[in-house]
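Structural overview for review
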Amino acid sequence: MLHIGCHLSSSNGYFAMGQTALSIGADTFQFFTRNPRGSKAKPLDPEDAAKLNDLAAAHRFSPLIAHAPYTINPCSATEKTREFALQTMEDDLLRLEATPNNLYNFHPGSHVGQGTETGIRLIADTLNTILKSEQTTTVLLETMAGKGSEIGGKFEELREILDRVALSGHTGVCLDTCHVFDGGYDIVNDLDGVLTEFDRVIGLSRIKAVHLNDSVFGLGSHKDRHARIGEGKIGTAAFARIVNHPVLRSLPFCLETPNELPGYKAEIELLRGLFQD
Ligand code: FE
Ligand code: FE
Ligand code: ZN
């Protein structure tokens with residue numbers, strides 16, 4: 001069974017996302033914990049969250065992915081900006097205990113000229129402050145395209161962050177197909193080789209989710225422009241290998257392609273069709 005879903009809007013609440021997921025053939029989904037530009041979160045409705053938990057259990061959803069706002073920067077050069085990232089993530093993790101045992105994905109951040117080493121240290125410091133031994137959420141570093149001073153475009157950078165985190169059992173990696181391809185990892189012609197490299201540097205057991213996106217630009221372009229499945233440089237055949245790969249096939253897959261619901265429904269159908277039971 002392929003576990004697949006897409007990014008959904010949380011504007012109608014948590015239970016509504018579960019219902020929307022079911023209506024498009026999904027058994028997982030991703031949502032922003034708050035306005036993606038990183039402002040205040042709506043107050044959480046515990047009853048709504050409990051209804052989603054019941055729906056997800058009844059329909060055997062695989063773990064859901066909460067996505068941190070993409071504008072926060074835990075390794076900013078400005079202390080105020082770092083503090084804002086830390087408080088946002090800390091608050092998100094508290095709220096996520098209303099929907100326990102799921103995933104919280106974030107972009108490691110941009111070092112904005114301070115250098116990779118400093119960036120890595122600041123990100124690890126943030127994680128060491130916000131992670132709590134009693135939390136049920138696993139926090140995921142997303143593989144990035146390596147745009148500008150973005151950290152996480154190389155597996156080594158993610159490894160260095162993970163190495164510095166004390167509560168490492170609460171951390172993992174979300175593999176974004178567009179981003180790794182953009183970052184120069186050839187998942188089209190050498191998926192096995194890329195995963196072997198991931199295993200050597202980080203360890204395959206640390207991958208907890210996959211973002212399924214085709215890429216508008218080619219290998220190593222560092223541009224981060226998502227395309228619909230089959231409409232970019234990665235292509236349908238490569239996605240068939242990705243969803244069926246023994247290392248990846250049981251993970252939650254999530255689409256972040258430029259689509260509305262009917263388009264997502266079609267992509268989910270396409271990928272379920274490519275999956276070999
Ligand atoms: Fe992301
Ligand atoms: Fe992504
Ligand atoms: Zn992206």
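The notes below deal with the structure included here. The shown structure was predicted, so the numbers you read here are calculated from the model rather than taken from an experiment.

Now for the coordination of the zinc ion (ligand 3). Looking at the zinc ion (ligand 3), the protein donor atoms are His179 (NE2), Asp224 (OD) and His226 (NE2), and they sit 2.0 to 2.3 Å from it. Written as a sequence motif, the donor residues of the zinc ion (ligand 3) are H-x44-D-x1-H.

Turning our attention to helix H1 (residues 14-23). Where H1 is concerned, the buried positions are Tyr14, Met17, Gly18 and Ala21. Buried residues in H1, looked at end-on, bunch into an arc of 100°, giving them a common side. At the exit of H1 stands Gly25, carrying a positive phi of roughly 80°.

This part is about empty space enclosed by the protein. One pass over the full model with this rule turns up 1 cavity of 30 Å³ or more. Taken as a whole, the largest cavity spans an internal volume of roughly 30 Å³. Taken together, Leu175, Thr177, Ile187, Leu191, Val194, Leu195, Ile242 and Leu248 make up the lining of the largest cavity. At 3 residues, the largest contribution of residues to the lining of the largest cavity is made by helix H7 (residues 191-201). Of the residues in the lining of the largest cavity, the class split is 7 nonpolar, 1 polar and no charged.

Attention now moves to the pattern of salt bridges. For the structure shown, the criterion picks out 9 salt bridges. In this structure, Arg272 engages Asp27 in a salt bridge whose closest nitrogen and oxygen atoms are separated by 3.6 Å. You can see Arg272 sitting in helix H9 (residues 261-274) and its partner Asp27 sitting in the loop between H1 and strand S2 (30-32), a full 245 residues away along the chain. According to the relative accessible area criterion, Asp27 is buried, its value standing at 3%. The structure contains a network of salt bridges with shared partners spanning Arg34, Asp91 and Asp92.

Those donors, Glu142 (OE), Asp176 (OD), His211 (ND1) and Glu256 (OE), are the protein atoms that reach the iron ion (ligand 2), and they lie 2.0 to 2.2 Å from it. Exposure remark for Glu142: the relative accessible area of 1% places this residue in the buried category.

Parameters at a glance
- Residues numbered from 1 in each chain as written.
- Chains lettered and ligands numbered in written order.
- Predicted model: local features only at pLDDT ≥ 70, side-chain atom pairs only at ≥ 80, totals over all residues.
- Heavy atoms only, no water.
- Donors = N, O, S within 2.8 Å, 3.2 Å for Na, K, Ca; no water.
- Buried < 20%, exposed > 50% of the residue type's maximum accessible area, 1.4 Å probe, protein only.
- Helix = DSSP H or I, 4+ residues; strand = E, 2+ residues; numbered from the N terminus.
- Arc of directions from axis to C-beta.
- 1 Å grid on protein atoms, 1.4 Å probe; cavity = no way out; pocket = protein on both sides within 12 Å on 5 of 7 lines; lining within 4 Å.
- Points joined across faces, edges and corners; volume = space filled by probe spheres on them.
- Nonpolar A, V, L, I, M, F, W, Y, C, P; charged D, E, K, R; others polar.
- Salt bridge = Lys/Arg side-chain N within 4 Å of Asp/Glu carboxyl O.

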